[in-house]
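# Coordinates in review
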Amino acid sequence: MATAVANDHVAQVGETAGMVWKILSNSGPMSVAKLVKRVGQPRDTVMQALGWLAREEKISIEEEGRSRVVSLR
């Protein structure tokens, strides 16, 4: 049972990563805070999706003042 829950969570993070990529592709770079609002998923899930995309070298995350800006590579 725990494996099914873990697989569902991994699938949700993967789907969210796809949503993040699509939003950045259509709208360009944006802050993490704005991206979380646009995606409409829990912040933790969006952060995991950003980690997924960063590990695959699909995004860049830059510090700009007090915020972080995410862009596609």
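Coordinates for the structure precede this section.
Heads up: these notes are all about the structure in this document. On a predicted model such as this, the values are computed, not experimentally measured, just so you know.

### Here we look at the environment of Val 20
- Relative to the elements of secondary structure, Val 20 occurs in helix H1 (residues 2-27).
- It is 15 Å that separates the C-alpha atoms of Val 20 and Arg 68, two residues lying 48 residues apart in sequence.

### Overview of the sheet that holds strand E3 (residues 67-72)
- In spatial order, the strands read E1-E3-E2; together these 3 strands make up an open sheet with antiparallel pairing. Across the chains shown, the open sheet's two edge strands, defined by having one partner strand only, are strand E1 (30-31) and strand E2 (59-64).
- Taken together, the 6 bridges between E2 and E3 define a ladder with antiparallel strand orientation. Its bridge partner lying in E3, Ile 59 is registered against Leu 72.
- Docked against the sheet, H1 engages E1, E2 and E3, running at close to 85° with respect to E3.

### Considering the side chain of Thr 45
- Mapped onto the elements of the fold, Thr 45 is located in helix H3 (residues 43-55).
- If we ignore the near neighbours within four places in the chain, the residues touching Thr 45 are Gln 12, Val 13 and Thr 16.

Each value, and the rule that gives it
- Residues numbered from 1 in each chain as written.
- Predicted model: local features only at pLDDT ≥ 70, side-chain atom pairs only at ≥ 80, totals over all residues.
- Heavy atoms only, no water.
- Helix = DSSP H or I, 4+ residues; strand = E, 2+ residues; numbered from the N terminus.
- Pairing = 2+ DSSP bridges.
- Contact = heavy atoms within 4.5 Å.
- Axes fitted to C-alpha atoms, helices over the stretch in contact; angles between N-to-C directions.

By themselves, these are just geometric observations and shouldn't be taken as functional.
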